[in-house]
Amino acid sequence: MSPPVSRVASSLDVPKSADVAILGGGMAGVAAAYELAKRGTSVVLVEKGVIAGEQSSRNWGWCRQQNRDPRELPLAQLALSIWDDLNTETGEETGFRRTGLVYATTRKADLDTWERWGRVAKDFGVDTRMLGGSECSTMLPGNSRSWVGGVHSPTDGRAEPELAVPALARAAQRRGAVIVQNCAARELEIEAGRISGVVTEKGSIRASAVLVAGGAWSGMFLRHHGIRFLQACVKSSSFYTVPAPAVTEGGVAMENVTIRRRLDGGYTVGLSGLGQLQVTPWGILQARAFWKTFQVRRKGLTYAIGRQFFQGPEAILRWRADGVSPFERIRTLDPQPDRHLIERGVARLVATYPSLAGIRPAQSWGGMVDSTPDAIPVISSVSSHPGLFISSGFSGHGFGIGPAAGRLAADLIRGDRPCVDPAPYRYERMTDGTDLGKPGML
């Protein structure tokens, strides 16, 4: 069952034209629509299901700089400054609070990694510091573990995914963006070698720019047009709890389990490093590109062959613009959570925080986390198809950096000065291999 996402009103009609068409109503697409609409660019966003129906409402809700890959740090820092103002800008509750994040470990190797990261982070001006074992325990009252140390970022924060993305969507609508839900994009329209619009199941939209922000589905849509996009998915399982005593007001990352305080007094619980890799045709074909990433993550993975093999984002399917597309057959990617992982998460949580004895999940869900080989998103134009842009492949990091990713995408589409250096996010690394095979901070 998916988290209870705040509803967004949908336009009944598909506009005939707009300056920009956005495909996908997750954080990446919605944030871009918001930024474009604020600058007076006409934009229509089409979503095959509902706003934030997939991973944008199923993530942990962390808004962090902590342990970001250095290539993502400028986006993370800008995103936090945007998050600071979103409640006021949108006039709605996004759940954002700068409550700080703590990572704690019993492994010396983790401390070595965090110390190396801290030296890099200092160059970016990130407020972060290492913690000794006793200091770590002091910062985590009620925690029963004996830690060798940790790292603390007091200026990082948290938000509520099921509130924030819909709030941003409604703010975009108030600024003129048109949002059409339950409307799948089927195919790009191309004239004289450049993008001229998009065909949807409810009609065509003329547009001089199209942004593909389809999350786990972006690769399938782009492959349909012969555009290579390296993207692999892992199924995750998460849950949130009933209201419980406060053991933290922010987020805590521990070995194999993470917690994040919620506005409703419960906790969103994640099972870090654990997931299910579903064997798929496209996954097999791109296995070489993901080999190094797989080596990093393999200890926490289980394996399965299921519906994804035949119908999901990594299946190999064909369709026509005047026929039903795969995006209409699966409006919302809603995998079942792994019950044994949920039970393990509750057990680990209570073992670590005895004061939470008796806590129970209020709701659990599965999600498909899509990644690029280097765990860095693509936010870029596509030079082979003028007018085509991509904002996808966020590798489990997209919610927190989403507001800044939307701003960068809007800059590139409009030809405005980029808010951060766009080079690390360029699409062409997918085709020339630059920096691929070097996994970032997963």
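Residues numbered from 1 in each chain as written. Predicted model: local features only at pLDDT ≥ 70, side-chain atom pairs only at ≥ 80, totals over all residues. Heavy atoms only, no water.

**Regarding the nonpolar core**
If you look at the biggest cluster of nonpolar residues, it comprises 52 residues, and the most contacted ones within it are Ile22, Val43, Ile51, Trp83, Leu211, Ile379 and Phe399. Elements represented by at least two residues in this core include exactly β1 (20-23), α1 (27-38), β2 (43-47), α2 (73-90), α5 (161-174), β12 (209-212) and α12 (398-414). Counting residues per element, this core draws most heavily on α1, which supplies 9 residues. Sequence-distant contacts of tryptophan 83, that is, excluding residues within four places in its chain, are made with Met27, Cys63, Thr94, Phe96, Ala159, Ala164, Phe399, Gly400 and Pro403. Counting 40 residues, the second-largest nonpolar core is a separate cluster that includes Cys183, Ala184, Trp217 and Phe290. (Core = buried A, V, L, I, M, F, W, Y, C linked by side-chain atoms within 4.5 Å. Buried < 20%, exposed > 50% of the residue type's maximum accessible area, 1.4 Å probe, protein only. Helix = DSSP H or I, 4+ residues; strand = E, 2+ residues; numbered from the N terminus. Contact = heavy atoms within 4.5 Å.)

**Regarding α12**
Along α12, the sharpest change in direction is near 40° and occurs at alanine 404. Among the residues trailing α12, glycine 415 stands out with phi positive, at a value near 80°. (Bend = angle between axes of the 7 residues up to and from the residue.)

**Some words on the environment of glycine 176**
Its location among the elements puts glycine 176 in the loop between α5 and β8 (178-181). Overall, the relative accessible area of 47% leaves glycine 176 in the partly exposed class.

**Observations regarding the packing of α2 against α5**
Helix packing geometry: the angle between the two helix axes and the distance between the axes. Two elements in contact, α2 and α5, have axes separated by 10 Å at closest approach and are oriented at 55°. Taken together, the axis directions place α2 and α5 in an arrangement best described as oblique. Where α2 crosses over α5, the two elements pack in a sense that is left-handed. Across the interface between the two elements, Trp83, Leu86 and Thr90 from α2 touch Ala164, Ala167, Leu168, Ala171 and Arg174 from α5. Its residues assigned to classes, the contact of α2 with α5 shows 6 nonpolar, 1 polar and 1 charged. (Axes fitted to C-alpha atoms, helices over the stretch in contact; angles between N-to-C directions. Parallel < 35°, antiparallel > 145°, perpendicular 65-115°, else oblique. Left-handed = near helix turned anticlockwise from the far one by under 90°. Nonpolar A, V, L, I, M, F, W, Y, C, P; charged D, E, K, R; others polar.)

**As for the pattern of salt bridges**
Going through the model one piece at a time under the given rule, you end up with 32 salt bridges. Lysine 108 is the partner of aspartate 112 in a salt bridge, and the nearest nitrogen-oxygen pair spans 2.7 Å. Placement of the pair is aspartate 112 and lysine 108 together in helix α3 (residues 108-123), with a separation of 4 residues, close to one helical turn. The network of salt bridges with common partners includes Glu35, Lys38, Arg39, Glu89, Arg407, Asp411, Arg414 and Asp416. (Salt bridge = Lys/Arg side-chain N within 4 Å of Asp/Glu carboxyl O.)

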